[in-house]
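What follows is the residue order along each chain.
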Amino acid sequence: MEITNKQIAEYTESFTSEEPEIIKQLVKASENDLQHVDMLSGRQTGLLLKMLVAISGSKRVLEVGTFTGYSAIMMADALPDDGELITCEMNERYQIISEPFFSKEPYRNKISQKLGNALDLIPKIERKFDLIFLDADKVNYPEYYRLAKTKINSGGLIVIDNVLWDGDVLEKKNRKAAAIHQMNEIIRDDKEVEQLMLPLRDGVTIVRVLRK
Ligand SMILES: C[S@@+](CC[C@H](N)C(=O)[O-])C[C@H]1O[C@@H](n2cnc3c(N)ncnc32)[C@H](O)[C@@H]1O
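The structure presented is a predicted model; accordingly, all values stated were derived computationally and were not measured.

Student: Break down the pairing of strand β7 (residues 204–209) for me, citing the residues and quoting the values.
Tutor: β7 sits mainly inside the fold: five of its six residues count as buried. As judged from the five bridges shared by strand β5 (residues 152–161) and β7, these two strands associate in the antiparallel manner. Directly across from L157, in β7, lies its bridge partner R208. The sheet contact formed by strand β6 (residues 193–198) and β7 spans six bridges and is antiparallel. Looking at β7, one finds that V193 is bridged to V209.

Student: Would you mind going over the pattern of salt bridges in detail, with residue names and values included?
Tutor: If you walk through the whole model with that rule in mind, you get 13 salt bridges. In this structure, D190 and K149 form a salt bridge, with 2.7 Å as the shortest nitrogen-oxygen distance. A residue pair is termed long-range when its members are at least 10 positions apart, and D190 in the loop between α8 (175–188) and β6 and K149 in helix α7 (residues 141–151) qualify at 41 residues. For the pair D190 and K149, one class covers both residues: buried. D189 is paired through a salt bridge with R188; the nearest N and O atoms lie 3.1 Å apart. Under the relative-accessibility criterion, D189 is labelled partly exposed at 46%. Taken together, the salt bridges that share partners define one network made up of R60, E84 and R127.

Student: Can you lay out the side chain of K110 for me, pointing to particular residues and giving the numbers?
Tutor: With respect to the helices, strands and loops of the structure, K110 is situated in the loop between α5 (92–102) and β3 (111–115). Buried and without a salt bridge, K110 has D81 as its closest oppositely charged side chain, separated by 4.8 Å. What K110 contacts, discounting residues up to four positions off in sequence, is A76, L79, P80, D81, G83, E84 and L85.

Student: Kindly report on the site of the ligand, identifying the contributing residues and their values.
Tutor: In the vicinity of the ligand, 21 residues are found, and the nearest of them are S41, S71, E89, A118 and D135. Here an oxygen atom of the ligand sits 2.8 Å away from a polar atom, N or O, in the side chain of S71. Considering the ligand on its own, with 610 Å² of exposed area, one finds that the protein chains cover 92% of that surface. Most atoms of the ligand, that is more than half of them, are within 2 Å of grid points of the largest pocket.

Student: Mind laying out the packing of aromatic side chains, listing which residues take part and the relevant values?
Tutor: Geometry of an aromatic ring pair is reported as the spacing of the ring centres plus the angle between the planes. A complete count under the given rule lists two aromatic pairs for this structure. Relative to Y94, the ring of F67 has its centre 4.7 Å away and its plane inclined at 75 degrees; by these criteria the two rings are edge-to-face. Taken together, the residues F67 in the loop between β1 (60–64) and α4 (70–77) and Y94 in helix α5 connect sequence positions 27 residues apart. Judged by its relative accessible area of 7%, F67 falls in the buried class. On the accessibility criterion, Y94 (17% relative accessible area) is buried.

Student: Lay out the nonpolar core with the relevant residues and their values.
Tutor: Counting residues in hydrophobic clusters, the biggest one holds 36 residues, and the most contacted among them are I73, M75, I111 and L131. For this core, the elements supplying multiple residues, two or more each, are α2 (21–33), α3 (42–56), α4, α5, β4 (129–134), β5 and β7. Of the residues forming this core, the biggest block, six residues, is contributed by α4. Apart from the residues within four sequence positions on either side, M75 is in contact with L49, V53, V61, E63, L85, L131 and F133. A136, V163, L164 and I187 belong to the second largest nonpolar core, which has 29 residues in total.

Calculation notes
Residues numbered from 1 in each chain as written. Predicted model: local features only at pLDDT ≥ 70, side-chain atom pairs only at ≥ 80, totals over all residues. Heavy atoms only, no water. Buried < 20%, exposed > 50% of the residue type's maximum accessible area, 1.4 Å probe, protein only. Helix = DSSP H or I, 4+ residues; strand = E, 2+ residues; numbered from the N terminus. Pairing = 2+ DSSP bridges. Salt bridge = Lys/Arg side-chain N within 4 Å of Asp/Glu carboxyl O. Lys, Arg positive; Asp, Glu negative; His and termini not counted. Contact = heavy atoms within 4.5 Å. Near = heavy atom within 4 Å. Polar contact = N/O pair within 3.5 Å; in protein donor to acceptor, adjacent residues only side chain to side chain. Areas by Shrake-Rupley, 256 points an atom, 1.4 Å probe, with all protein chains shown as cover. 1 Å grid on protein atoms, 1.4 Å probe; cavity = no way out; pocket = protein on both sides within 12 Å on 5 of 7 lines; lining within 4 Å. Sits in = over half its atoms within 2 Å of the grid points. Phe/Tyr/Trp six-rings, centres within 6.5 Å; stacked < 30°, edge-to-face > 60°. Core = buried A, V, L, I, M, F, W, Y, C linked by side-chain atoms within 4.5 Å.

Have a look at this one:
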């Protein structure tokens, strides 16, 4: 199912700021090495994340699901010089593509990547974050939300991509859609947060943690 009318989607994208040059290079490198790059969050979600980091004044960001680094670089661009972004990815093949970009200035001192299963990695991270972006395997979304709540600062933001899963959440047609819907219900019923679900691209939810 198309979430947004195709022409409107193209129109809104054309009135969204262009990606920085490094992102264009990263997309090209991803396309050269991989058959499919449709996991990239893309221009509008990327810019939304960048703006949220900037507006919230976030200094510590956690990303769950790096792929080749699109959203990590967009968010890192909005971090102050002493800001930090930790990003988790389990597939070494994607890390080989993202690493040369993460090693460039000014990302070298801001982005650190952890390779492994995020479900194991997140509980071991000692610090707390101002913004957490969830974008890894969809069947584990309820668990990622639970873990994110343990690692987010009060007043912080949890941003989640693909919350509509091509519209499949309406009928919960498959395991992924059922898990995403379960998480959507958990967030809706969570009295400690306020949330805004946007029909942007494949659906993005912004959760603001009010108290813990
Ligand atoms: C949708 S992509 C992330 C896209 C990325 N945020 C971007 O904007 O380019 C999801 C990524 O999560 C990774 N992933 C899936 N399950 C994971 C897990 N349990 N732990 C860590 N990474 C995982 C996948 O390998 C994939 O690269």
